[in-house]
Amino acid sequence: AFTDEERKRELQRLVNVSNIFADISLYDDTGFLMLSTSENHPDTKDYTDNFREAMQLGKISVSRPHRNVGKEGLFLSAYLPVYSQEEFVPRVIRARMSFAAVSELVLGVRTGEVGRTVLLDEAGNLLTSETDGELLEKFDRNWQIEDWQSSPEGVYRTADNSEFLY
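Residues numbered from 1 in each chain as written. Predicted model: local features only at pLDDT ≥ 70, side-chain atom pairs only at ≥ 80, totals over all residues. Heavy atoms only, no water.

Trainee: What exactly am I supposed to notice about the overall build of the protein here?
Mentor: From N to C terminus, the protein includes four helices and ten strands. Each helix and strand of the protein, ordered N terminal to C terminal, gives the series α-β-β-α-β-β-β-β-α-β-β-α-β-β. Dimensions of the protein, computed from the C-alpha atoms along their principal axes, are close to 65 × 30 × 25 Å. Counting every position in the protein, which comprises 166 residues, the buried fraction comes to 37%. Counting contacts in the protein only where the partners sit at least 6 residues apart, residues at least 24 apart contribute 38% of the total. Summing over all exposed atoms, the protein offers an accessible surface of approximately 10,500 Å²; the carbon and sulfur share of this is 51%. Within the protein, the 29 negative side-chain charges are centred at a point lying 3 Å from the centre of the 18 positive side-chain charges. (Helix = DSSP H or I, 4+ residues; strand = E, 2+ residues; numbered from the N terminus. Buried < 20%, exposed > 50% of the residue type's maximum accessible area, 1.4 Å probe, protein only. Contact = heavy atoms within 4.5 Å. Areas by Shrake-Rupley, 256 points an atom, 1.4 Å probe, with all protein chains shown as cover. Lys, Arg positive; Asp, Glu negative; His and termini not counted. Charge placed at Lys NZ, Arg CZ, Asp CG, Glu CD.)

Given below as C-alpha cells:
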C-alpha cells in the first residue's frame, strides 16, 4: 500500500510531466479532500454533481468551464473514479485543466475582416474572450436563455454590423 506522501508525489509527477493539469486532487467517498498537488487548494470538500456522478455511478465526469479562485481564465475539472484491479475504491481523483487551449483555438478563427468566433454556454455566457473580465459574462444582455437555446449556433450581428459565429 502507498502512503499519502507517495500518492502526492505521483500526482505531482503527473502534473509536472503532462503540462495539461493545473492540479490533481484526491477525495474520499464523502467528498473531503485527502491530498492535492496544489498548496493553496480552495476546496476542502467537493459538493458538485460531477463528484457525485464519479463516486456513486463510477463514471468519469467533466465539469463545465468554471473559474479557479486566484487564477485567470477558465478551467475544466475531470472527475475520475478510482479502481484497483477492476474493483472500485471509494475515492475520486479530480484533475483540473486550463481551458486556455480551447479558448485560443476558438479565438483564432476569424470570419471575414472584422468578424470573430466566440464560444458560449447554453445561457449565452462567454466561454472565450480576449479579456479575462468578460468570461462567464452575458454576450448580449438583451437575449434571454431561450433565445440562445432556440438558435444554438449561427451568425450574430451587432448594430455596427460586426459578425460573430457562435
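Trainee: Is there a simple way to explain the side chain of Ser36 in this structure?
Mentor: Mapped onto the elements of the fold, Ser36 is located in strand E2 (residues 33-36). A relative accessible area of 6% means that Ser36 is categorised as buried. A distance of 2.9 Å separates the side chain of Ser36 from the side chain of Ser25, its partner in a polar contact. For Ser36, the side chain forms a polar contact with the main-chain nitrogen of Ser38, separated by 3.0 Å. (Polar contact = N/O pair within 3.5 Å; in protein donor to acceptor, adjacent residues only side chain to side chain.)

Trainee: Please explain the pattern of salt bridges as it appears in this structure.
Mentor: When the charged atoms of two side chains lie near each other, side chains of opposite charge can form a pair. Within this structure, the stated rule accounts for ten salt bridges. The shortest N-O distance in the salt bridge between Asp132 and Arg67 comes to 3.3 Å. Placement of the pair is Asp132 in the loop between strand E8 (115-117) and helix H4 (145-150) and Arg67 in strand E4 (residues 66-67), with a sequence separation of 65 residues. Using a relative accessible area of 36% as the deciding quantity, one classes Arg67 as partly exposed. (Salt bridge = Lys/Arg side-chain N within 4 Å of Asp/Glu carboxyl O.)

Trainee: Explain the nonpolar core here, please?
Mentor: Across soluble globular proteins, nonpolar side chains have a tendency to be buried as a group. With eight residues, the main nonpolar core is built from Val118, Leu120, Leu126, Phe139, Trp148, Tyr156, Phe164 and Tyr166. Setting aside its immediate chain neighbours within four residues, Val118 contacts Val106, Leu126, Thr128, Phe139, Phe164, Leu165 and Tyr166. (Core = buried A, V, L, I, M, F, W, Y, C linked by side-chain atoms within 4.5 Å.)

Trainee: Help me out: how do you make sense of the sheet that holds strand E7 (residues 110-111) in this one?
Mentor: Two strands in a sheet stick together by hydrogen bonds in their backbones, pointing the same way (parallel) or opposite ways (antiparallel). On the basis of which strands lie adjacent, the open sheet formed by four strands has the order E7-E8-E10-E9 and mixed pairing. Of all the strands in the sheet, just E7 and strand E9 (155-157) have a single pairing partner and so form its edges. Pairing geometry for E8 and strand E10 (residues 163-165), over two bridges, is parallel. Note that in E10 the partner of Thr117 across the bridge is Leu165. (Pairing = 2+ DSSP bridges.)

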